[in-house]
Structures are given as structure tokens and as C-alpha cells.
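# Close look at the chain arrangement
For reference, the chains in residue letters:
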Amino acid sequence: MTRSGESLFQLEQVTYTYTALNTPAYVALKKLNLEIRRGEFVAIIGPSGSGKSTLMHLLGLMAEPSDGVLKIHGTDFAKLSANEKSALRNKHIGFLFQQFFLLPQLSVIENIMLPAEYAVSMQQHENLYEKAISLVKRYGLTGQEHKKPTGLSGGQKQRVALCRALMMEPDVLLCDEPTGALDSATAQEVLQTLAELNAAGRTVIVITHDPEVAERAGRIIKIVDGNIVSDSVNKKTSLHPDELTSFTPEDVRPGAAFLSERVKLAIKQMFVPTWQSLKTQKLRTALTMTGLLLGVASVFIMLTLTGRVGKIFEDFFATQGSREAFVNFDHRLAEKTGAPRWRGLNAKTELPKLSQRVERYGRIEPSVSTGSCAIVSSTGNIKNSLVGLNSLQQLRAGSMRIAKGRMPMPHEFDGKQPARVALLGSDAAVKLFAPRGSGKNTSDSVIGQHIVVRGCEFEGILTVIGVLEPIDTLFDRGVNSSVYIPTQTLFAGGVSLYKPFFTVVPNEGVSPTWFAKHVIGHLTVMTGNQFPFRFFAAEQELEKFNLMMGILTGLTLVIGALCTLIGGIGVMNIMLVSVHERVQEIGIRKAVGARDSHIRSQFLFESVGLCLISGGLGLLLGIAVSSLAFALARLFLPKVENLSYQLDPMALLISIAVSVGAGIAFGTWPARRAAAMDVVDALKQE
Ligand code: ADP
Ligand code: MG
């Protein structure tokens with residue numbers, strides 16, 4: 001830090017040349033030699049177009065000398081990095097412009113706090129907001145702090161700009177025609193304030209073409225045509241350097257309060273621009289947002305549906321026993337090839353042989369059932385088939401659970417003394433023993449009741465020993481309205497022993513598909529190589545289903561990606577327009593100390609904010625459509641359980657990730673363009 005009277009700015013042979021593409025180069029400053037010391041109050045005067053503003057841009061580290069040496073605090077300008085220049089501007093230089101350069105979308109207090117957003121460090125004891133409020137009070141803006149600058153008078157605007165310039169306690173104030181847009185009374189106030197600030201120790205450099213303004217200064221430098229034509233001390237006001245108060249702000253890390261203020265501002269700035277462009281450019285912004293909205297909605301809906309449908313099918317296969325496979329005689333192939341009809345394996349003699357051959361890998365169970373029988377109880381009757389139960393093992397491995405009563409005993413499965421016992425499917429129990437209007441329910445003593453079976457291969461009387469719990473099944477195949485009795489009992493009751501249809505159950509670790517083929521191999525040999533067989537494995541169906549779901553998910557991704565791409569290009573367009581429309585804002589931010597990275601992240605954040613808003617709306621749409629889809633599914637598939645809509649956290653997460661990703665992907669280029677903007681050029685844009 002410099003002390004009073006030390007050299008602040010030192011120009012040696014500084015030349016500045018404007019070079020633009022379509023215009024000849026213009027030398028605005030010609031080999032200037034100049035030294036400005038700490039604590040001085042300097043007026044730079046000269047006619048319009050003489051190069052005053054150009055000089056101010058150099059002193060404000062916003063432009064680079066084309067030739068010569070410019071030193072700040074003794075440091076060569078050329079040795080400073082872009083970030084160091086930003087930090088110096090932020091902390092040590094306050095700007096006042098003729099056009100005030102306030103940000104119209106920010107309130108007075110937010111405008112004042114703007115430089116603090118880009119501060120590398122801040123005096124720890126200082127609360128950002130309190131600091132700004134104290135400036136508001138000091139400069140007579142109380143009551144205006146939450147207004148937008150547009151509603152203020154010129155004098156008030158310049159005072160807001162002054163507060164902003166003083167926010168970081170700079171030691172230099174650079175003022176370019178600060179009174180140019182003010183009436184003379186207001187101008188006098190501003191000049192008085194500048195004089196006071198100078199008396200308190202700040203270096204003040206005022207650019208003006210008004211000789212009256214210059215009268216306030218201690219030193220008057222006149223520039224004509226890019227040359228210094230005079231440099232004189234104004235005896236009336238000049239202070240002796242020793243009279244200046246010393247001024248040494250300490251650099252410390254930002255305090256917590258300061259950081260939280262900064263985060264609040266950053267978040268606000270993420271969404272406010274979108275809101276603003278929605279307000280001013282309703283249709284354009286809304287249309288652009290629709291692309292991404294639909295993209296995210298479609299991704300969300302597809303992910304939700306594929307995820308949930310997949311889960312429902314997996315559950316279904318799990319309850320249906322995905323480990324089982326079915327082997328049977330292939331009628332169709334037999335007809336085609338002219339193979340003889342197969343009557344089946346004798347369940348008593350041949351099947352045990354086959355079972356023995358494959359028992360290392362699994363077991364074989366005949367699927368025995370009757371045709372449609374008349375089943376009659378004392379209170380009701382049904383027409384349905386009897387289904388054979390092979391063993392307790394099969395019962396337990398399958399999806400059958402006893403709701404009431406008991407399972408058959410092992411000896412009841414025995415071929416020697418097959419028991420005439422029956423398990424009722426849940427629907428069968430209701431129809432037989434608690435038909436509608438009977439006023440009864442199945443908890444009335446069903447167990448021990450008799451049912452009579454006639455009209456099919458099996459005839460006889462059975463004793464009910466149990467009722468099954470409803471079996472969860474996607475498609476009603478009558479499993480809940482069947483009656484189950486031991487297979488041996490069916491055989492004993494007259495059902496043919498020859499079975500062309502088997503259930504094969506592999507041991508743990510053996511593939512159902514492989515086992516089914518293995519069984520078919522033995523079966524083919526046993527039956528003399530003359531019959532064709534085929535098999536059905538739920539496992540294979542699940543694989544097919546998974547493949548289908550995979551393709552669907554892939555398609556989803558492609559559709560979602562396309563929508564997101566279209567939406568993203570829209571977002572990029574909005575951002576480019578936004579950058580274009582806010583060039584001056586970029587200039588102002590850079591002037592108060594924003595680094596390129598600050599500008600880049602601001603626009604990137606805005607782009608992410610825009611995408612999050614669109615994506616969020618898309619998410620809401622997605623949730624609405626998904627719940628509607630589930631409501632419809634419930635309506636049309638009343639048998640399927642678990643069809644209530646639940647928010648899929650994965651779909652939610654991916655949707656948010658897609659939004660943020662699109663924001664980053666499509667915001668990067670506009671943000672880079674914004675960051676690359678030249679400060680001086682940006683400030684000159686209207
Ligand atoms: P002042 O502030 O004293 O009115 P400036 O420093 O703004 O003058 O400009 C000095 C000269 O440089 C003027 O003649 C002006 O036309 C010229 N000039 C300013 N900006 C540019 C530019 N971007 N390209 C070319 N010439 C410029
Ligand atoms: Mg000018």
C-alpha cells in the first residue's frame with residue numbers, strides 16, 4: 001500500500017492507438033508523460049475528443065497502452081495478469097461515469113453492493129449489507145435502497161454510483177464527466193463530496209471539459225489532441241501531502257456473513273435474469289423453454305414407465321417361478337413334419353425313469369389337470385379343472401400359500417394310498433362356500449366340508465383341507481378359481497397316466513433353459529427319436545422382456561437427447577441474445593472488478609438456472625403424465641397390484657442432471673463470449 005505523496009500512476013511515453021477492423025488506426029494519446037501521486041485531486045480537462053476518456057481507461061486498468069510504460073503503485077502494468085487487474089480495480093479504484101452505469105435490474109442497495117460480489121477479500125468486521133446501508137445514509141439515499149435506479153433522479157443516481165464506488169473503500173476515485181448529466185446545483189453537491197473524499201485521503205481524478213469543475217481540483221492537466229498541453233497546480237485548493245490522513249485497509253479473508261451475502265446474491269442472479277426475460281420477452285422465452293421442458297418431461301416419463309413396468313414384470317416373473325421351465329410334445333412341428341402323435345409318458349412307469357436320469361440337475365413333475373369338471377358343494381358350484389399337486393416340495397417352492405386349513409401331508413401324496421383331499425383356490429372357495437347373497441364368508445367352517453366332482457375324467461368326493469391365499473398373477477389364468485388335489489389322487493380317480501406335459505425344475509445353479517434341453521435330449525432318446533419336443537422357460541421370456549425394455553430405454557434416451565438438444569439450442573440462443581443485450585452490464589461488472597471467470601460463471605449459472613426452471617416444469621409435467629398413465633393402467637388392469645404411482649428417485653435425479661447438464665453444455669459458449677468482452681468496448685455500447 002502506498003503512503004501519501006507516493007507515486008500512484010506513472011506514465012512514460014504512453015501512446016494509445018485505436019485499431020478497429022474497418023476504420024483506419026487512430027492515435028488518441030501521443031507519448032504521454034505523467035505522474036499522479038497519492039492524495040492528489042487532479043482534473044483532466046480538454047475539448048471533446050481530445051483523449052480524456054481514453055486516459056481514464058488506461059488509469060482504470062481497463063485498456064492497455066499501445067506503447068510506453070504505465071506503472072501503478074510502481075508495478076509495471078504489463079506485468080499484471082488479467083485477474084490482478086480485476087482485483088486492483090475492485091479494491092483500489094472506484095469509478096464514476098457521466099452515464100452512472102447502474103444496473104437497472106438491481107435495486108439501489110444491490111447496485112451498491114455489486115463490487116463486493118467480486119471482492120477477493122473484505123474487512124472481516126464488515127457486514128456487507130451494513131456497510132452498504134451506512135453509505136446509503138451518509139449520501140442521503142435513505143428510503144430509496146430497495147427502489148430500482150430507473151425511478152431515481154440524476155443526482156440520486158450519481159450518489160448511488162458514488163456509494164458503489166466507495167463500497168470497497170478504494171484509494172482512487174476515477175470520475176469521467178461525473179457532472180455531465182446533472183444540473184448545476186446537483187453537480188456542485190457531487191463536486192463538494194469529491195472534495196471531501198479527497199480531504200479524507202483519497203486520490204480523486206476528475207475528467208471534465210468544464211473549467212468550473214476543474215476549479216475544484218488541486219491540479220489541472222489539459223489535454224488537446226492526445227497531448228498534454230498544460231499541467232498546473234491550482235493554488236486555491238491544493239493540500240499539502242502531509243495534511244492527508246493515512247489510509248491503509250487491511251487485507252483479510254472474507255467473514256462468514258460476507259460469504260453468505262455473496263451466495264444469496266449469486267443464487268438470486270441465477271434465476272432473476274430468466275424471470276426478467278420471461279417478463280419482457282414472454283413468448284420468446286416461453287417457447288424456448290418449452291423445448292427443454294418437453295425433453296426433460298419425456299426423459300422423466302420414459303424412465304418412470306420403463307423402470308416401474310420393468311419392476312412389475314420382474315415381480316411377476318418372480319411370483320410365477322422364473323426358475324421353472326415347461327417341456328411338452330410339439331404338436332405343430334409334428335403336424336408339419338408328419339411325425340406321429342405322442343400319447344405321453346406313463347407317469348407311473350416311464351416318468352420315474354426319466355426323472356432318475358436327470359436327477360443330478362433337477363426334478364421333473366408331470367403337469368396333470370383335468371378338463372372342465374362340475375364341482376359342487378352344499379352351497380354352490382363351479383365349473384373348472386382339477387390341478388394335480390406333485391409334492392409338498394412343489395407346493396412350498398411355488399407361489400402357493402395356505403390361508404386357512406393345512407397343506408396335504410407327505411403320505412397324502414403317496415401313490416399307494418392317495419388321499420381324496422382338496423385345496424381350494426381363493427376364488428373357488430368363495431364361489432363354493434360363500435356365494436354372493438348367501439350371507440356367508442369363507443371363514444365359516446369350510447375345512448372338512450365335502451365337494452363332489454363330476455363330468456370329467458375324475459369322478460368322486462373330496463374333503464376340503466385348506467384354502468389358498470390369492471395368487472398374485474398379472475393375467476388371470478384361473479389359478480385362483482382352480483381346485484388342487486394330489487396328482488396321485490387324480491390318477492387313482494381315473495385320469496390318464498400318460499402325460500405329454502411336464503414342469504422341469506433345475507437345481508440351484510443350473511440354468512432352466514439348459515435343464516429343459518437336457519430333459520428333452522433324454523426324452524427324445526427314450527421315445528425312440530420319433531417325436532419333436534419343445535420347451536418354454538420363463539427365464540427366456542424374462543430375457544426377451546429385458547431386451548425389449550433395453551431397446552425401449554435406448555429409444556427413450558435418443559428421444560430425450562433429441563428433445564434436449566433442440567431445447568438446449570434454444571437455451572443457447574436465449575443466452576446469446578441475453579449476452580448481446582447485456583453488453584453494458586458486462587462492462588459495468590468488469591469495471592467494478594469482475595474477473596472473466598466471474599462473468600463466465602454468472603452466465604453459466606444463468607443458463608443452468610434457465611434450464612433448471614424449464615427442466616423443473618418438465619418434471620412437473622412428467623409427474624402429471626406418469627400419474628395419469630398409472631391411473632389409466634389401474635383402470636384397465638385391475639388385476640395388477642402395485643400400480644400406484646410413486647416418484648422414481650432415479651428418474652428425478654436423471655431429469656435434474658439432464659437440466660443442469662444442458663445448462664452447462666449450452667451455456668458454455670455464450671458464457672465464454674460474455675467473458676471475452678472488452679471492458680471499454682462493452683461500456684461504450686448503448
Ligand atoms: P474524450 O473523452 O476526450 O472526449 P476519448 O478519449 O473518448 O475523448 O476519445 C479520443 C479520440 O479517440 C476521439 O477522437 C475518438 O473519436 C477516438 N475514439 C474513441 N474510441 C474509439 C474507438 N473505439 N475506435 C476508434 N476511435 C476511437
Ligand atoms: Mg470522454
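In short, a report on the structure. (Residues numbered from 1 in each chain as written. Chains lettered and ligands numbered in written order. Predicted model: local features only at pLDDT ≥ 70, side-chain atom pairs only at ≥ 80, totals over all residues. Heavy atoms only, no water.)

### Quick notes on the pairing of strand 21 (residues 483-486)
Pairing between strand 16 (residues 386-389) and strand 21: 4 bridges, direction parallel. When the bridges of strand 21 are listed, Leu-386 appears paired with Val-483. Inspection of the sheet shows strand 18 (residues 421-424) paired to strand 21 by 2 bridges, in the antiparallel sense. Bridging from a neighbouring strand, Leu-424 pairs with Val-483 of strand 21. (Pairing = 2+ DSSP bridges. Helix = DSSP H or I, 4+ residues; strand = E, 2+ residues; numbered from the N terminus.)

### Remarks on helix 1 (residues 52-59)
An α-helix turns once per 3.6 residues; consequently, residues spaced three or four apart project the same way. Among the 8 residues in helix 1, 7 count as buried, and that is most of the element. Residues of helix 1 that are buried: Lys-52, Thr-54, Leu-55, Met-56, His-57, Leu-58 and Leu-59. Looking one or two residues beyond helix 1, the residue adopting positive phi is Leu-61, at roughly 60°. (Buried < 20%, exposed > 50% of the residue type's maximum accessible area, 1.4 Å probe, protein only.)

### Here we look at the pattern of salt bridges
Under the criterion given, the structure shown has 13 salt bridges. Of the charged contacts in the structure, one is a salt bridge between Arg-37 and Glu-35, with a shortest N-O distance of 3.5 Å. By relative accessible area, Arg-37 is classed as partly exposed at 36%. Close ionic contact of Arg-582 with Glu-585 constitutes a salt bridge, the shortest N to O distance being 2.8 Å. (Salt bridge = Lys/Arg side-chain N within 4 Å of Asp/Glu carboxyl O.)

### So, the pairing of strand 7 (residues 172-176)
Within strand 7, 5 of the 5 residues are buried, which leaves the element mostly enclosed by the surrounding structure. Neither face of strand 7 is left uncovered, since the one carrying Val-172, Leu-174 and Asp-176 and the one carrying Leu-173 and Cys-175 both have all their residues buried. In this structure, strand 6 (residues 93-97) lies alongside strand 7, joined through 5 bridges in parallel fashion. Across the sheet, Gly-94 pairs through a bridge with Leu-173, a residue of strand 7. Relative to strand 8 (residues 203-208), strand 7 is paired through 5 bridges, and the arrangement is parallel. Residue pairing across strands places Asp-176 opposite Ile-207, the latter belonging to strand 8. For the handedness criterion, the β-α-β arrangement of strand 7, helix 6 (residues 184-199) and strand 8 is classed as right-handed. (Right-handed = clockwise from strand over helix to strand, strands pointing away.)

### Some words on the state of the cysteines
Under the counting rule described, the total for this entry stands at 1 disulfide. Each sulfur of the disulfide joining Cys-373 and Cys-456 lies 2.0 Å from the other. Measuring the twist about the S-S bond at about 100°, one finds the Cys-373-Cys-456 disulfide to be right-handed. Linking Cys-373 in strand 14 (residues 373-376) with Cys-456 in the loop between strand 19 (450-454) and strand 20 (460-468), this pair joins segments that are 83 residues apart in sequence. Here the two residues Cys-373 and Cys-456 agree in accessibility, since each one is buried. (Disulfide = S-S within 2.5 Å.)

### Overview of the site of ligand 1
Every residue lining ligand 1 is accounted for by Tyr-18, Tyr-26, Ala-28, Pro-47, Ser-48, Gly-49, Ser-50, Gly-51, Lys-52, Ser-53, Thr-54 and Lys-684. In the model, an oxygen atom of ligand 1 is placed 2.9 Å from a nitrogen or oxygen of the Lys-52 main chain. Contact with the protein chains hides 69% of the accessible area of ligand 1, taken as 560 Å² for the molecule alone. Of all elements in the fold, only strand 2 (26-37) and helix 1 reach the threshold of two or more residues within the shell around ligand 1. A per-element tally of the shell around ligand 1 places helix 1 first, with 3 residues. Considering only residue class, the shell around ligand 1 consists of 4 nonpolar, 6 polar and 2 charged. (Near = heavy atom within 4 Å. Polar contact = N/O pair within 3.5 Å; in protein donor to acceptor, adjacent residues only side chain to side chain. Areas by Shrake-Rupley, 256 points an atom, 1.4 Å probe, with all protein chains shown as cover. Nonpolar A, V, L, I, M, F, W, Y, C, P; charged D, E, K, R; others polar.)

### A few points about the sheet that holds strand 13 (residues 362-366)
Spatial ordering of the open sheet is given by 13-23-11-24, a layout of 4 strands whose pairing is antiparallel. Sheet topology places strand 13 and strand 24 (533-537) at the edges, where each strand pairs with a single neighbour. Across the sheet, the mean angle separating the axes of adjacent strands is 25° when strand polarity is ignored. As defined by bridge partners, strand 11 (residues 325-329) adjoins strand 24 across 5 bridges and the pair is classed as antiparallel. Note on strand 24: the bridge partner recorded for Asn-328 is Arg-534. Strands strand 11, strand 13, strand 23 (501-506) and strand 24 of the sheet are contacted by helix 16 (residues 512-526), whose axis makes an angle of about 165° with strand 24. (Axes fitted to C-alpha atoms, helices over the stretch in contact; angles between N-to-C directions. Contact = heavy atoms within 4.5 Å.)

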